[in-house]
Amino acid sequence: MSRRLFAVALLAPALLLAQAAPSAARMSSGAAAVTAGIVGLAVGAAIADSAHRNTYVYGPPPPPVYVPPAPFSPASNVVCYPGQRACYYNGGAYAADWTWRVYGRN
(Lines give C-alpha, C1' and ligand atoms only; values in the text may rest on other atoms or scores of the structure.)
Protein backbone atom coordinates (compact mmCIF):
# COMPACT_ATOMS: atom_id res chain seq x y z
CA MET A 1 0.00 0.00 0.00
CA SER A 2 2.74 2.45 0.91
CA ARG A 3 4.63 1.74 -2.32
CA ARG A 4 1.55 2.61 -4.34
CA LEU A 5 1.07 5.79 -2.34
CA PHE A 6 4.71 6.71 -2.90
CA ALA A 7 4.43 6.07 -6.67
CA VAL A 8 1.27 8.16 -6.94
CA ALA A 9 2.87 10.99 -4.97
CA LEU A 10 5.87 11.02 -7.29
CA LEU A 11 3.88 10.76 -10.50
CA ALA A 12 1.03 13.14 -9.64
CA PRO A 13 2.93 16.42 -10.24
CA ALA A 14 4.37 15.10 -13.51
CA LEU A 15 0.92 14.09 -14.71
CA LEU A 16 -0.51 17.46 -13.75
CA LEU A 17 2.22 19.27 -15.65
CA ALA A 18 1.80 17.01 -18.68
CA GLN A 19 -1.94 17.76 -18.82
CA ALA A 20 -1.52 21.51 -18.58
CA ALA A 21 -1.06 23.74 -21.60
CA PRO A 22 2.56 24.45 -22.60
CA SER A 23 2.31 28.04 -21.40
CA ALA A 24 1.13 26.90 -17.96
CA ALA A 25 3.93 24.35 -17.52
CA ARG A 26 5.74 26.50 -14.99
CA MET A 27 4.76 26.00 -11.38
CA SER A 28 4.51 28.89 -8.98
CA SER A 29 6.58 28.74 -5.79
CA GLY A 30 3.45 27.93 -3.73
CA ALA A 31 2.48 25.03 -6.00
CA ALA A 32 6.05 23.73 -5.90
CA ALA A 33 6.02 23.87 -2.10
CA VAL A 34 2.71 22.00 -1.93
CA THR A 35 4.00 19.36 -4.35
CA ALA A 36 7.21 18.96 -2.36
CA GLY A 37 5.18 18.61 0.83
CA ILE A 38 3.00 15.89 -0.68
CA VAL A 39 6.05 14.01 -1.95
CA GLY A 40 7.75 14.39 1.45
CA LEU A 41 4.68 13.06 3.28
CA ALA A 42 4.45 10.09 0.92
CA VAL A 43 8.11 9.23 1.38
CA GLY A 44 7.81 9.61 5.16
CA ALA A 45 4.72 7.41 5.25
CA ALA A 46 6.45 4.73 3.19
CA ILE A 47 9.49 4.75 5.47
CA ALA A 48 7.43 4.77 8.67
CA ASP A 49 5.21 1.96 7.43
CA SER A 50 8.08 -0.38 6.61
CA ALA A 51 10.40 0.48 9.51
CA HIS A 52 8.46 -1.15 12.35
CA ARG A 53 6.84 -4.08 10.61
CA ASN A 54 7.71 -7.49 12.03
CA THR A 55 6.06 -10.32 10.17
CA TYR A 56 7.46 -13.02 12.45
CA VAL A 57 5.50 -12.18 15.59
CA TYR A 58 2.70 -14.60 16.29
CA GLY A 59 0.08 -14.69 19.01
CA PRO A 60 -0.11 -17.38 21.66
CA PRO A 61 -1.31 -20.80 20.55
CA PRO A 62 -4.98 -21.61 21.07
CA PRO A 63 -5.89 -23.46 24.25
CA PRO A 64 -6.19 -27.22 23.98
CA VAL A 65 -9.61 -28.63 23.23
CA TYR A 66 -11.28 -30.15 26.28
CA VAL A 67 -12.20 -33.77 25.78
CA PRO A 68 -14.07 -35.34 28.71
CA PRO A 69 -12.99 -38.78 29.86
CA ALA A 70 -14.55 -41.80 28.20
CA PRO A 71 -17.73 -43.32 29.65
CA PHE A 72 -17.22 -46.11 32.19
CA SER A 73 -19.34 -48.75 33.84
CA PRO A 74 -19.31 -49.03 37.66
CA ALA A 75 -21.74 -51.98 37.50
CA SER A 76 -22.81 -54.44 34.83
CA ASN A 77 -26.03 -52.62 33.89
CA VAL A 78 -24.93 -48.98 34.45
CA VAL A 79 -22.93 -46.58 32.28
CA CYS A 80 -21.60 -43.27 33.67
CA TYR A 81 -20.71 -40.30 31.45
CA PRO A 82 -18.15 -37.92 33.02
CA GLY A 83 -18.93 -35.17 30.51
CA GLN A 84 -22.53 -35.07 31.78
CA ARG A 85 -21.67 -36.16 35.33
CA ALA A 86 -24.61 -38.56 35.08
CA CYS A 87 -25.19 -42.32 35.03
CA TYR A 88 -27.78 -44.27 33.07
CA TYR A 89 -29.09 -47.82 33.10
CA ASN A 90 -28.62 -49.93 29.99
CA GLY A 91 -32.25 -49.32 28.97
CA GLY A 92 -31.59 -45.55 28.84
CA ALA A 93 -33.24 -44.54 32.12
CA TYR A 94 -31.45 -42.07 34.39
CA ALA A 95 -29.75 -43.79 37.36
CA ALA A 96 -30.02 -41.25 40.16
CA ASP A 97 -28.62 -43.61 42.80
CA TRP A 98 -25.49 -44.35 40.74
CA THR A 99 -25.06 -40.71 39.81
CA TRP A 100 -25.12 -39.84 43.52
CA ARG A 101 -22.63 -42.61 44.37
CA VAL A 102 -20.17 -41.74 41.60
CA TYR A 103 -20.36 -37.94 41.40
CA GLY A 104 -21.91 -36.93 44.74
CA ARG A 105 -23.68 -33.63 45.33
CA ASN A 106 -22.75 -30.70 43.07
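The sections below set out a description of the structure shown in this document. (Residues numbered from 1 in each chain as written. Predicted model: local features only at pLDDT ≥ 70, side-chain atom pairs only at ≥ 80, totals over all residues. Heavy atoms only, no water.)

**Let's talk about the overall build of the chain**
Okay, so step 1: Check the secondary structure of the chain and you find three helices and three strands.
Okay, so step 2: Shown N-terminal to C-terminal, the secondary structure of the chain runs as helices and strands in the order α-α-β-β-β-α.
Okay, so step 3: Counting over 106 residues, the chain shows a buried share of 14%.
Okay, so step 4: In the chain, once contacts between residues fewer than 6 apart in sequence are set aside, the share between residues at least 24 apart is 21%.
Okay, so step 5: Carbon and sulfur atoms make up 65% of the accessible area of the chain, which totals about 8500 Å². (Helix = DSSP H or I, 4+ residues; strand = E, 2+ residues; numbered from the N terminus. Buried < 20%, exposed > 50% of the residue type's maximum accessible area, 1.4 Å probe, protein only. Contact = heavy atoms within 4.5 Å. Areas by Shrake-Rupley, 256 points an atom, 1.4 Å probe, with all protein chains shown as cover.)

**Describing the state of the cysteines**
Okay, so step 1: Under the counting rule described, the total for this entry stands at one disulfide.
Okay, so step 2: The disulfide partner of Cys80 is Cys87, and the gap between their sulfur atoms is 2.0 Å. Measuring handedness by torsion sign, the sulfur bridge of Cys80 and Cys87 sits at about 100° and is right-handed. Note on accessibility: Cys80 and Cys87 belong to one class, buried. (Disulfide = S-S within 2.5 Å.)

**Overview of the environment of Val67**
Okay, so step 1: Inspection of the secondary structure puts Val67 in the loop between helix H2 (29-51) and strand S1 (72-75).
Okay, so step 2: The exposure class of Val67 is exposed, given its relative accessible area of 64%.
Okay, so step 3: Sequence spacing of Val67 and Gly83 is 16 residues, and the spatial spacing of their C-alpha atoms is 8.4 Å.

**Focus on the side chain of Thr99**
Okay, so step 1: The residue Thr99 is located in helix H3 (residues 96-103) in this model.
Okay, so step 2: Classification of Thr99 by relative accessible area gives buried; the value is 7%.
Okay, so step 3: Here Thr99 is in contact with Arg85, Ala86, Cys87, Tyr94 and Gly104, once residues within four sequence places are set aside.

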